[in-house]
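# Topology and contacts: notes
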Amino acid sequence: MATSCNGDKNSGTQEMADQLSLSADEITLDGNGTMMEVTISANHEWGSTSSTDWLSIDPTNSAKEKVTARISAKPNPTEEPRSGEIVIMAGTARKIIQVTQEGGAVDENGPKAPGGYKLAWHDEFDSGTELNPEHWRHEVQGSGWVNNELQNYVDGEINGLRVTEIKGGTLRITAFKEAGKVYSGRVYANENTGWRYGIFEARIKLPKGKGTWPAFWMMPSNNDFRTNPWPKCGEIDIMEEVGYNPNFTSSSVHTQKYNHVAGTQKTAERKTEGAEGDFHIYRLEWTEDYIQTYIDGEPLFRFDNDGEGNVDTWPFNKPFYVILNLAWGGDWGGSRDVDESALPVTMEVDYVRVYQKK
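Just so it is clear, the structure is predicted and the values come from calculations on it, not from any experiment. (Residues numbered from 1 in each chain as written. Predicted model: local features only at pLDDT ≥ 70, side-chain atom pairs only at ≥ 80, totals over all residues. Heavy atoms only, no water.)

## Observations concerning the overall build of the chain
Along the chain, the regular secondary structure elements total two helices and 29 strands. Each of the three principal axes of the chain carries a C-alpha extent, and together these read 90 × 50 × 40 Å. For the chain, the residues scored as buried account for 48% of the 358 residues in total. Residue pairs at least 24 apart in sequence account for 68% of intrachain contacts in the chain once pairs closer than 6 positions are excluded. Entry remark: accessible area of the chain is about 17300 Å², with carbon and sulfur atoms responsible for 44%. On the chain, the mean spot of the 35 positive side-chain charges and the mean spot of the 54 negative ones are 3 Å from each other. (Helix = DSSP H or I, 4+ residues; strand = E, 2+ residues; numbered from the N terminus. Buried < 20%, exposed > 50% of the residue type's maximum accessible area, 1.4 Å probe, protein only. Contact = heavy atoms within 4.5 Å. Areas by Shrake-Rupley, 256 points an atom, 1.4 Å probe, with all protein chains shown as cover. Lys, Arg positive; Asp, Glu negative; His and termini not counted. Charge placed at Lys NZ, Arg CZ, Asp CG, Glu CD.)

As structure tokens, this is what we get:
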């Protein structure tokens, strides 16, 4: 009682207000870009900072008394371990999470391939400021071209603003409004040759905003749409998300028999915590027998070849190429209206990798 009535009363109140604790203050992550959860308890709103750009925390701040935060690291491009720290601040209280990341699984030929596979092609977006035109092509189309989407796809700049840019080790696809029109980017990797079967993987951070419709998907190479139109030609959607349903990512296939126009598409969806604002790994495993997608290594969607040799159900026996795009509005992205105050918005891609069997 004497202590509560003396001159230290305000000091004690401040100490109470700044309580902060962590479930772990030292963590180790593997070199492949994984994440670990840490519980933060505080009776004061807290914020955070990272000592390095390869290390991040989600959420970065909160007013809740207890939050499970995800500490994530980009893949380590070297074989040497590296370290960094996340500083948590709640009033005058400070806590530091020391993070050690193991060396990356790399070899002289690039990223290490999954068992039984070899690296066939990749782009790490770690040099220059523009996409390599030998491997990538920008689509150029006006608004309404497909799905009643509102953006204009362009190649290059609009009044000094770029729809695609390599910066800080990532490809950034940005949708923005300029002079009353919305512009964005849609790019194709090795469009003319593509790949038949393999593992196709990208590490992507999705944008936020009602109206966004980012995607990582595939279409058949050298297809004549006059004689083999969509959906008969086939389509593989590895990852799609729409901003009005934040963090719910989906995978689908479209064929003559199974497609969204007829309401028969084969699809699966799951909430991917932190998909908007944090990187996650989206993967397709495509063989002559099945299509299987994953998010951060966890299976999401599977579609099996029925073995009937029927192109209406399995057109996936020829090369397909990779597509990355950020649409705005449209039949799905804009089905609950759009919020132009969210613009500009950016989809970041850390890498795209293609593996094929040895």
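After presenting the structure, the write-up continues.
## Quick word on the sheet that holds strand E23 (residues 248–254)
Pairing within the open sheet is antiparallel, and its seven strands lie in the order E12-E19-E28-E21-E22-E23-E24. In this open sheet, the two strands that pair with only one neighbour each are strand E12 (136–138) and strand E24 (266–271). Neighbouring strand axes in the sheet, compared pairwise and without regard to direction, differ in orientation by 15° on average. (Pairing = 2+ DSSP bridges. Axes fitted to C-alpha atoms, helices over the stretch in contact; angles between N-to-C directions.)

## Structural notes on the confidence of the model for the chain
Averaged over every residue, the pLDDT of the chain is 92; the share at 70 or more is 93%. Confidence over residues 1–15 falls short of pLDDT 50; this stretch has two contacts with residues more than four positions distant or in other chains. (pLDDT = per-residue confidence, 0-100.)

## With respect to the sheet that holds strand E6 (residues 66–73)
Pairing between the strands of a sheet is mediated by backbone hydrogen bonds and can be parallel or antiparallel. Sheet architecture is open: four strands sit in the order E1-E3-E6-E5, paired in antiparallel fashion. Each edge of the open sheet is held by one strand with a lone partner, namely strand E1 (20–22) and strand E5 (55–58). Each strand of the sheet is rotated relative to its neighbour by a mean of 25°, with strand direction disregarded.

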